[in-house]
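# Descriptive structure summary
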Amino acid sequence: MITEGAVGNDSDLALALSCSEGQAAACESFERQYSDILRNVLVGRGATATEAEDLARSILSDCVMGQPGRQPLLQLYHGRCSLKSWLITCATNRLIDLKRMGKFRGSLPTREDEPSHDPFDALAAPTPRQSEPALTQLLRDALEDALAACSAEDRLALRVVYLEGVTQREVARMWGCHESKISRMLEEAMRQIAERTMNHITEKDPWLSLTWDDFLEMCDASRTSLPL
Amino acid sequence: MTEPFQVLTDFLKQFDPQVSGRSAEPPPSEICEKMKLFAKGDLSREERDRLCAALAVHPEWVKMLVREVKSLRGGTDPDAL
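Residues numbered from 1 in each chain as written. Chains lettered and ligands numbered in written order. Predicted model: local features only at pLDDT ≥ 70, side-chain atom pairs only at ≥ 80, totals over all residues. Heavy atoms only, no water.

## Quick look at the confidence of the model for chain B
Mean pLDDT over chain B stands at 86; residues scoring 70 or higher make up 81%. Overall fold confidence for the complex sits at a pTM of 0.81, while the interface term, ipTM, reaches 0.87. (pLDDT = per-residue confidence, 0-100.)

## Looking at the nonpolar core
Counting 58 residues, the largest nonpolar core has A:Leu156, A:Trp175, A:Ile193, A:Trp212, A:Phe215 and B:Leu8 as the members making the most contacts within it. The element that contributes the greatest number of residues to this core is helix H8 (residues 179–204) of chain A, accounting for nine residues. Ignoring anything within four residues of it in the chain, the contact list for A:Phe215 reads A:Leu139, A:Leu143, A:Thr197, A:Met198, A:Ile201 and B:Leu8. The next biggest cluster of nonpolar side chains, apart from the first, holds 30 residues, and it includes A:Cys27, A:Leu60, A:Leu74 and A:Ala91. (Core = buried A, V, L, I, M, F, W, Y, C linked by side-chain atoms within 4.5 Å. Buried < 20%, exposed > 50% of the residue type's maximum accessible area, 1.4 Å probe, protein only. Helix = DSSP H or I, 4+ residues; strand = E, 2+ residues; numbered from the N terminus. Contact = heavy atoms within 4.5 Å.)

## Focus: the packing of helix H6 (residues 152–162) of chain A against helix H3 (residues 45–57) of chain B
Packed helix pairs are characterised by how far apart their axes lie and by the angle those axes make with each other. Remark: H6(A) packs on H3(B), axes separated minimally by 8 Å, with the N-to-C direction vectors making an angle of 70°. By the criterion of interaxial angle, the relationship of H6(A) to H3(B) is roughly perpendicular. Between H6(A) and H3(B), the residues in contact are A:Ala152, A:Glu153 and A:Leu156 and B:Arg45, B:Arg48, B:Asp49, B:Cys52, B:Ala53, B:Leu55 and B:Ala56, respectively. (Axes fitted to C-alpha atoms, helices over the stretch in contact; angles between N-to-C directions. Parallel < 35°, antiparallel > 145°, perpendicular 65-115°, else oblique.)

## A few points about the interface of chain A and chain B
Accessible area lost during the coming together of the parts is what is often quoted as the interface size. Contact with chain A, which involves 32 residues of that partner, is made by 32 residues of chain B. Between chain A and chain B the total buried area reaches about 2,900 Å² when both faces are included, carbon and sulfur atoms providing 70% of it. Among the residues of chain A in contact with chain B, A:Arg159, A:Arg173 and A:Met174 are the three that bury the most area, contributing 20% of the side total. If you look at where chain A meets chain B, you find four salt bridges. (Buried area = accessible area lost by both parts, 1.4 Å probe. Salt bridge = Lys/Arg side-chain N within 4 Å of Asp/Glu carboxyl O.)

## What about the packing of helix H2 (residues 29–40) of chain B against H3(B)?
Residue and element names in this part refer to chain B. Between H2 and H3, the shortest axis-to-axis distance is 11 Å and the interhelical angle comes to 120°. If you check the angle between H2 and H3, you find them oblique. Taken as a pair, H2 and H3 cross one another with a handedness that is left-handed. Taken together, the residues of H3 that come into contact with H2 (itself represented by Ile31, Lys34, Met35 and Phe38) are Glu47, Arg48, Leu51, Ala54 and Leu55. Here the contact of H2 with H3 is composed, by residue class, of six nonpolar, no polar and three charged. (Left-handed = near helix turned anticlockwise from the far one by under 90°. Nonpolar A, V, L, I, M, F, W, Y, C, P; charged D, E, K, R; others polar.)

## Describing the packing of aromatic side chains
By the definition in use, this model includes six aromatic pairs over all chains. Geometrically, the ring pair formed by A:Phe30 and A:Tyr34 is tilted, given 5.5 Å between the ring centres and 55° between the ring planes. Residue A:Phe30 and its partner A:Tyr34 are both found in helix H2 (residues 24–44); the two are separated by four residues, about one turn of the helix. Ring geometry for B:Phe11 versus B:Phe15: centroids 5.3 Å apart, planes at 80°, classification edge-to-face. A single burial state applies to B:Phe11 and to B:Phe15, both of which are buried. It is A:Lys99 that lies over the ring of A:Trp207; its NZ or CZ is 5.6 Å from the centre. (Phe/Tyr/Trp six-rings, centres within 6.5 Å; stacked < 30°, edge-to-face > 60°. Lys NZ or Arg CZ within 6 Å of the ring centre and 35° of its normal.)

## Topic: H2(B)
Residue and element names in this part refer to chain B. Taking 1.5 Å as the rise per residue, H2 with 12 residues should run 16 Å; its terminal C-alpha atoms sit 17 Å apart, in good agreement. Within H2 the residues assigned to the buried category are Ile31, Cys32, Met35, Phe38 and Ala39. Viewed along the axis of H2, the buried residues span an arc of 120°, placing them on a single side of the element. In H2, the exposed residues that point more than 90 degrees away from the buried face are Ser29 and Glu30. (Expected span 1.5 Å × (residues − 1). Arc of directions from axis to C-beta.)

## Some thoughts on the pattern of salt bridges
Counted according to the given criterion, the structure contains 19 salt bridges over all chains. With a shortest N-O distance of 3.9 Å, B:Arg45 and A:Glu153 are connected by a salt bridge. Note that B:Arg45 is positioned in helix H3 and A:Glu153 in helix H6, a pairing that runs across two chains. Of the residues examined, A:Glu153 reaches a relative accessible area of 14% and is grouped as buried. Among the ionic pairs, B:Arg48 bridges to A:Glu153, the shortest N-O distance being 3.2 Å. With one member in each of two chains, B:Arg48 in helix H3 and A:Glu153 in helix H6 form a pair that bridges those chains. Across this residue pair, the class does not change: B:Arg48 and A:Glu153 are buried. Taken together, the salt bridges that share partners define one network made up of A:Asp36, A:Arg39, A:Glu53 and A:Arg57.

## Quick look at the environment of A:Asn199
When you line up the elements, A:Asn199 lands in helix H8. Considering only alpha carbons, one finds A:Asn199 and A:Ala146, 53 residues apart in sequence, at a separation of 9.3 Å.

## A short note on the environment of A:Met218
Residues and elements named next belong to chain A. In this fold, Met218 is placed in helix H9 (residues 212–222). When the C-alpha positions of Met218 and Arg39 are compared, they lie 17 Å apart, and in sequence the two are 179 residues distant. Among residues more than four places away in sequence, those in contact with Met218 are Arg45, Thr89, Thr92, Leu135, Leu139 and Leu210.

Listed below in structure tokens is the structure:
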């Protein structure tokens, strides 16, 4: 279960391992540590108190027991992010599923001109992306849209500075301007990416309450295997 | 704390089907020359815009630009790297 990148989350990984082996004390400790956190985060992100309670209970139970015929979810935790971030990301994904299912129930398309028509036929066919978890799909779409709206110049500057190790002084030389202008340019580009991303999310799921830091935390956690 | 842009890029990388199979076709010599000038800061605004647009279409060429920039740190010949 221990994998590259797990450094720093050793105690989380040990707890996950003990729980998935069914050790009673570890399971109690796990539930004690995370039930309030999950409930509070879910309410903060737009769940009702009842939804938060039900989702937190089901996630914690699935983590240690697993659903019928499936392994305990904690066996999918590899320690690449903190257990807290991982659980919060899983909980948010389930919340999105739940809320969208509720919306779906109330808005099945109708075609009055064809009385025998099955309304489910009017639903769009699944696309390959629909095999992705709802949350992953939401994060990805929001981010891809935001990056596509960035200028080629901004994207290049962001890449060479943050991914390729080119200094802002070197970028300033390339652009023929002062270093402080590059610093402002990078800051503004990131601000716009954040703004566009969050706008996309608000448009898609208006009930979902997230901050940019929440978004980053879930992107980080979503790189690891999410239990779905 | 990892840079936010790094986190975003790492997240998107998992969906890139070309990560391991992207062809390393070298850029045309004209683009190579422009990258050398860009690295030194000797490219006009219009040429820079055109080059940035080309690099957006061919992100695999950015590594070469980076190599040019870094080669100027210590006077290293980029072709020797």
